[in-house]
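Here is what each chain is made of, one letter per residue.
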Amino acid sequence: MADADPSLPVRATNNSLKRKAIIEEDEEAVDQPRKLPAIGATRPNRPLQPSRTATNLNTSRGATGVALPKPLTKPKAPALTRSTRGTSAPPVSSKPLSRPTAPSRTTAGRVVSGSGPVRSTGGRPSDDKRFQELQTQLTSIEEARAADAARLAADMEAERSKVAELQANHLALSRELATAKSQELNQRRELVHASDEIENLKKKHSMEVMDLEMDVKKRDRELREVNEDLRICRADLERERETVSSLKNTITHQSTAHLTITTQNNALRHSRQLCISELTLKLETAQKQVDDMKKEAMESELVRRKLHNMVQELKGNIRVFCRVRPVLPSDLTTYAGSLSSPGSSTSSASGGSIDFDKAKEELQASLSYPDQRDHKEIVVSSSSSSATGQERKEIYNFAFDRVFEPDSTQAEVFEEISQLAQSCVDGYNVCIFAYGQTGSGKSFTMEGGASESSSGMIPRAVEQMFRVAEDMKTRGWEYKMEGQFLEIYNETVNDLLGKGEFDKKKHEIKHDPKTGSTRVTDVEVVQLSSPSQVRSLLAIAQSRRSMAATLMNERSSRSHSVFTLRISGVNVGIDDCPGTGEKCEGSLNLVDLAGSERLNVSFANGADKERVKETQSINKSLSALGDVIAALGEKGEKGGDKHIPYRNSKLTYLLQNSLSGNSKTLMVLNLSPLAAHLQESLTSLRFATKVNNTTIGTAKKQTRVS
């Protein structure tokens, strides 16, 4: 296929310059006042036509589709704009009315004074409002003047009335002509614009042709490579056939060797009795070694705990993970109207098939993950138009302890969190909370779906703790677990596992400074015996949690849920090996925060007062959480007795012992990949960066020796 003509851009430029010159000449011709011939000098005498009424002049349109001006008997002040000078209305007198002034031009936009329509291209919304108010005032003034002019016109002579009518008709025809020229000029501009688009399409077509040629060459190269692979495979097949023939020969030799081995086996049976006695002696020796290793295992467990938590402290006692959810089919239904491809929104609304991949690319924000080795970076790109109309691109880089891409599974996320769950078994307070805007996947991350592969962090963490507790029995430890599930809704603590109705009991949060434990009065604390029991408790709590629909999410969590698992262990020893009697108590708080977003985004009209109140309460508690983390960071850097505002919200007060320096804290930032949520995502990323840069001190183990 022939290459694109290199002279096309030059020709397009020359054509564009010529068309611009023609348009400028036409504009100058329209702007120049038209000289009219004297009335009665060159025209033959003819009978006067009947005069047009004001109503017909206002409503009738000429051949060019432009409204005819009002008669001279109703003078009208010229319309005012920001860039034109106002002209005073003609005084009311008994003299013949003068001819209206010629249209005026401004530098900001073309404005036609008189009774014609006013166009302004440079106005702002506030100027348009002022302009409408001025037009209303001018209309009232014109009505008053029209009434006076009508009374004066009745007293004028018949001949003067006819002359005025002829002048008005002549002026109307002049204006029609000017309007027709203006329309012709607009059509020429449209023609120029269409020509430019055709040139652009030609360039685009030539580029596509070049791309197709490159694809054809690539396909040819791939075909050659496939043919070469086929040749190699055929050669390998021939070698395998030769190998099979050699193996057949080997089998023949092995059958002979089998007979020899059978004879040797009979001889070995006689020596087996001697080996049994030797193995019995070795077994007794090994049993003694096992007993010694059990003692060593109990001692090494203490060393393992110490080393494990040293590693966790080196990683940081407060860490931030970022997880981006994939684009869901429900997003296509919600944002079908924003798709630019023809027919996409109609097809999705009617239930027809649409190109999911194409729609996904159109709805998805520009997110990239440059760190493919450690997966710790995320880059957000956005583009906007400046005041001059130029496109401005902005790139934001964020780094966290771990970034999970949209294709990450629940198992991959929990693999990073599992080490913190292990610290809870070792006697440390651990807090894992999911943060992000509504619809970003927090509840899915924490609670998960119905299938085993989609189960969330809460059931996986509980299952791991049961598994670890079972393994620790071989090292002399016995554990007991109990759990509770609370909800903080509008600064009120509700028991999701309680049997009574909400708000019937007043729950208070109590902290024990000696043991470092937190208790809530009048809540249902369930003794946990198996992971399946926890799953049933999660289902009960989910059914009782406060949900509502917002503009961001059809089913949004309007409350903070806090699942607390307490585990207590004691070292009782192994078999004949006595235990040390050491006790440890750990607490694991798994928090699913309510969706964070601006009030004008969640409820633009503000009609639902209850939802607005919920959003205000959510934002207040999340703001208090940010203040606590910031205060902890300042205390960790500067030291001293800095006040930490835990009491500013029920959420921070409940998590006081889990957010302090005596705990290990993990924040899982959930992000929406949609371009419509880009600003909310950037706000969440900035808050997560602030949390990631915070140092809250060293966690302390909660142990007691009996």
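Residues numbered from 1 in each chain as written. Predicted model: local features only at pLDDT ≥ 70, side-chain atom pairs only at ≥ 80, totals over all residues. Heavy atoms only, no water.

Draft legend 1. Fine view of the nonpolar core. Counting residues in each nonpolar core, the largest one holds 47 residues, and the members touching the most others are C322, I378, F400, F433, M667, L669 and L685. Only β3 (318–324), β5 (377–385), β8 (429–436), β9 (477–489), α13 (609–638), α14 (650–654), β20 (663–671) and α16 (678–692) provide two or more residues apiece to this core. What F433 contacts, discounting residues up to four positions off in sequence, is V591, L593, L625, I629, T665, L666, M667 and V668. Ranked by size, the runner-up nonpolar core spans 42 residues in total, among them C424, V425, I432 and V534. (Core = buried A, V, L, I, M, F, W, Y, C linked by side-chain atoms within 4.5 Å. Buried < 20%, exposed > 50% of the residue type's maximum accessible area, 1.4 Å probe, protein only. Helix = DSSP H or I, 4+ residues; strand = E, 2+ residues; numbered from the N terminus. Contact = heavy atoms within 4.5 Å.)

Draft legend 2. Up close: the packing of aromatic side chains. Tallied over the entire structure, the rule returns four aromatic pairs. Arranged with centres 5.9 Å apart and planes meeting at 75 degrees, the rings of F321 and F404 form a pair that is edge-to-face. Residue F321 is found in strand β3, and its partner F404 is found in strand β7 (residues 402–404); the two are separated by 83 residues along the sequence. Taken together, a centroid distance of 4.8 Å and an interplanar angle of 35 degrees make the contact between Y435 and F687 tilted. With Y435 in strand β8 and F687 in helix α16, this residue pair connects regions lying 252 residues apart in the sequence. Grouping residues by exposure puts Y435 and F687 together as buried. Taking NZ or CZ as reference, K664 lies 5.0 Å from the ring centre of Y428, over its face. (Phe/Tyr/Trp six-rings, centres within 6.5 Å; stacked < 30°, edge-to-face > 60°. Lys NZ or Arg CZ within 6 Å of the ring centre and 35° of its normal.)

Draft legend 3. View of the sheet that holds strand β6 (residues 391–399). Across the sheet, which stays open at both edges, the three strands sit in the order β4-β5-β6 with antiparallel pairing between neighbours. The open sheet has two free edges, formed respectively by β4 (366–368) and β6, since each of these has just one partner strand. The average angle at which neighbouring strand axes cross in this sheet is 20 degrees, direction not considered. The strands touched by α16 are β5 and β6; relative to β6, the strand with the most contacts, the crossing angle is about 35 degrees. (Pairing = 2+ DSSP bridges. Axes fitted to C-alpha atoms, helices over the stretch in contact; angles between N-to-C directions.)

Draft legend 4. Molecular detail of the pairing of strand β19 (residues 582–592). By the criterion of burial, β19 is predominantly enclosed, with nine of the eleven residues buried. Of the strand pairs in this sheet, β8 and β19 are connected by six bridges, and their pairing is parallel. Along β19, the bridge assignment pairs A434 with D592. Direction of pairing for strand β16 (residues 560–571) relative to β19: antiparallel, over a ladder of ten bridges. What sits directly across from V570, in β19, is K583.

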